[in-house]
Amino acid sequence: MDPRYPIGTFTYSRPRRAEWLDDIEQLPSKMREAVDGLNDPQLDTPYRDGGWTVRQVVHHTADSHVNSYARFRLALTEEEPVIKPYEEQLWAELADAKSDPVEVSLTLLDALHKR
């Protein structure tokens, strides 16, 4: 098993749907709370061996939500929307993901979730 990724198997449970929606709604504030007060060395620490840094995880979350936002809007407005994948590992290696302040992505998450 690859230790960089969460452990476990996804299983759908309709009764948990409301809980999952609440988790998504709370994500921007929980993410902000999780990194509040961290300094640059802490943000640049991998969250586990071989994994991304905390900074990369914050930026990846915003990237992922931007892609999800676009995919949902395409699904709502196109007869046969094409879901384009993206190379998230490569996005995490871009300069902004490795060095931009996390506030940039926290603000983006706030805005996306308000939309």
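Treat the numbers as computed from the prediction; the structure is a model and nothing was measured.

Q: Go over the packing of aromatic side chains with me, naming the residues and quoting the values.
A: Under the criterion given, the structure shown has one aromatic pair. Judged by centre distance (4.5 Å) and plane angle (50°), the rings of Tyr-86 and Trp-91 are tilted. Overall, Trp-91 belongs to the partly exposed group, its relative accessible area being 32%.

Q: Provide a residue-level description of the packing of helix H1 (residues 17-35) against helix H6 (residues 102-114), including the pertinent values.
A: Viewed as axis vectors pointing N to C, H1 and H6 meet at an angle of 160°, and their least axial separation amounts to 9 Å. Relative to H6, the element H1 is oriented roughly antiparallel. Seen along the crossing, H1 lies across H6 with a hand that is left-handed. Every residue of H6 that contacts H1 at Ile-24, Glu-25, Leu-27, Pro-28, Met-31, Arg-32 and Val-35 is listed here: Val-102, Glu-103, Leu-106, Thr-107, Leu-109, Asp-110 and His-113. When grouped by side-chain class, the residues that make up the contact of H1 with H6 number eight nonpolar, two polar and four charged.

Calculation rules
- Residues numbered from 1 in each chain as written.
- Predicted model: local features only at pLDDT ≥ 70, side-chain atom pairs only at ≥ 80, totals over all residues.
- Heavy atoms only, no water.
- Phe/Tyr/Trp six-rings, centres within 6.5 Å; stacked < 30°, edge-to-face > 60°.
- Buried < 20%, exposed > 50% of the residue type's maximum accessible area, 1.4 Å probe, protein only.
- Axes fitted to C-alpha atoms, helices over the stretch in contact; angles between N-to-C directions.
- Helix = DSSP H or I, 4+ residues; strand = E, 2+ residues; numbered from the N terminus.
- Parallel < 35°, antiparallel > 145°, perpendicular 65-115°, else oblique.
- Left-handed = near helix turned anticlockwise from the far one by under 90°.
- Contact = heavy atoms within 4.5 Å.
- Nonpolar A, V, L, I, M, F, W, Y, C, P; charged D, E, K, R; others polar.

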